[in-house]
Amino acid sequence: REIESELRLALQRDELSIFFQPLIDLETGRIRSFEALVRWFHPEKGELRPDEFIPVAEETGAIITLGNWITAQAAKAAAQWPEDVTIAVNLSPLQIKAPGAAMAILSALREARLDPSRLELEITETVLLDHSQNTETFINELAEAGVRFALDDFGTGYSSLGYLNKYPFSKIKVDRSFISGINQGKKSDAIIRAVSGMGQTLGMEIVAEGLETIEQVRAVSEAGCTLGQGYYFSRPVPDYLAAMLLAKER
Ligand code: G
Ligand code: G
Ligand code: G
Ligand code: MN
Ligand code: NA
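Below you will find a few notes about this structure. Counting of residues starts from 1 at the beginning of each chain's written sequence and follows it residue by residue. Lettering of chains starts at A and numbering of ligands starts at 1, both following the order in which they are written. Reporting in this predicted model follows two pLDDT cut-offs: at least 70 for local features of residues, and 80 or more for side-chain atom pairs to be given and counted; totals over whole chains, interfaces and linings ignore these cut-offs and use all residues.

1. Overview of the pairing of strand E7 (residues 169–174)
For clarity, the cut-off: For the exposure call, what matters is how many other C-beta atoms sit within 10 Å of a residue's own: 20 or more marks it buried, 12 or fewer exposed, and in between partly exposed, using C-beta atoms placed from the backbone. Labels follow the DSSP assignment, with helices taken as runs of H or I lasting at least four residues and strands as runs of E lasting at least two, numbered in each case from the N terminus. DSSP calls a pair of strands paired once it identifies at least 2 bridges connecting them. Assignment of crossover handedness uses the view with strands pointing away from the viewer, where a clockwise path from the first strand over the helix to the second indicates a right-handed crossover.
Counting buried positions along E7 yields five of six residues, so the element is predominantly enclosed. Sheet topology places strand E6 (residues 148–154) next to E7; four bridges connect them, and they run parallel. Residue pairing for E7: phenylalanine 154 is matched across the bridge by valine 174. On the question of chirality, the crossover connecting E6 to the parallel E7 by way of helix H8 (residues 161–166) is right-handed.

2. Digging into the site of ligand 2
Our working definition: Being near a molecule or strand means, for a residue, that its backbone-placed C-beta atom lies within 6 Å of it. Three residue categories are used. Nonpolar comprises Ala, Val, Leu, Ile, Met, Phe, Trp, Tyr, Cys and Pro, charged comprises Asp, Glu, Lys and Arg, and polar comprises the others, including Gly.
As a structural note, the neighbourhood of ligand 2 is formed by Ala36, Leu37, Val38, Arg49, Pro50, Asp51, Ile54, Ile70, Asn90, Leu91 and Ser92. Broken down by secondary-structure element, the contributors of at least two residues to the shell around ligand 2 are strand E2 (31–42) and helix H2 (50–60). When grouped by side-chain class, the residues that make up the shell around ligand 2 number seven nonpolar, two polar and two charged.

3. Some details on unusual backbone geometry
You will see that aspartate 153, though not glycine, has its phi angle at about 55°, which is positive. Looking at where aspartate 153 falls in the secondary structure, it is placed in strand E6. A residue is classified by how many C-beta atoms lie within 10 Å of it, and aspartate 153, with 19 of them, is partly exposed. One non-glycine residue, asparagine 183, lies in the positive phi region at around 60°. Residue placement: asparagine 183 occurs in the loop between helix H9 (176–179) and helix H10 (188–202).

Such coordinate-based values are descriptive only and should not be taken to indicate function.
So this is what it looks like as C-alpha cells:
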C-alpha cells in the first residue's frame, strides 16, 4: 500500500514528530505530566493522525522502530523538564511482545538520562487479554526498574478487575466517552464516581481524559478524579510549547 512505503520514508525524512498534551492536577491546577502523541506531517496530505498510520505500522512491523523512536524522543524532551513532571507514552501491543522490548525502553531512558520513575507507559486492556508470558515479564521487569504504568481507555474493553489486581498500575484513565456522557442523562457520572472510589481504595490515580468544558472539569473533580486532560486545558502541543507551559507556572 502507498501509506506503507511512505511511512518507511517518513522515518528517514523526519516527517514525524511528538506532540505533548498536559495532565493537570485538578486540585492545584498545575501540570503533573504530559502524554506523548505522535504526529505525521505528510508533505502532500498534511497532518496524519496516529489512527491512520499506527495500524499500518503494526501490520508491517514498523511499529517496533517507530515505537522505540517515540519513546526515545519523549524521554529526551522530559529530561529537560522539572523533575516532578512525568512523561506518558502509549504502547502498541506488538511493541510489548517484541523480543528485547523492555531493554529498548531502559536504554532509551539511560541515553536520555531520565529516571525510570518519570516514565509512565500507557497500555490498554486489550494488551492484557491474551495473558501472554511476554507481557507479564515486560511489565514486571520495567516496574521493577521504577517505570510506572497507566491503564488507558478504561471502560471501553473488558474492564476486568483482575488486571488491576495483577498488574502494578499507578493510574487509570477513564475513557473520554464517559466524559462526553456527563450531564447527558446517561450513567456516566455514576460510573466515573464508582471508578474514582475504586481507584482511591486501590491507591491509584484516576485520570479524566477528553475534558472540553468547565462543566465537565467540575463534574469529574466532584466525582473524585485527581487528574484531568483535554482540550479545555490544552491541545497536544510541540515540545517548545510544552516547555513554555511549564515555564509559565514555575
Ligand atoms: O534518531 P534515532 O537514532 O533515535 O533513531 C532511532 C531509529 O528510529 C532509527 O532507525 C530511525 O530510522 C527511526 N525513526 C523512526 N522515526 C523517525 C523519525 O521521524 N526521524 C528519525 N530521524 N528517525 C526515526
Ligand atoms: O493523538 P490522537 O488523539 O489522534 O491519538 C489517537 C490514537 O492513537 C490514540 O488511541 C492514541 O493512544 C494513539 N497514539 C497516539 N500516539 C501514539 C504513539 O506514540 N504510539 C502508539 N502506539 N499509539 C499512539
Ligand atoms: O487512546 P488515547 O487516550 O491515548 O488517545 C488520546 C487521543 O485523545 C489523542 O488523539 C488526543 O488528540 C485526543 N484528545 C485529547 N484531548 C481531547 C479532547 O478534549 N477531546 C477530544 N475529542 N479528543 C481529545
Ligand atoms: Mn493514551
Ligand atoms: Na485514552
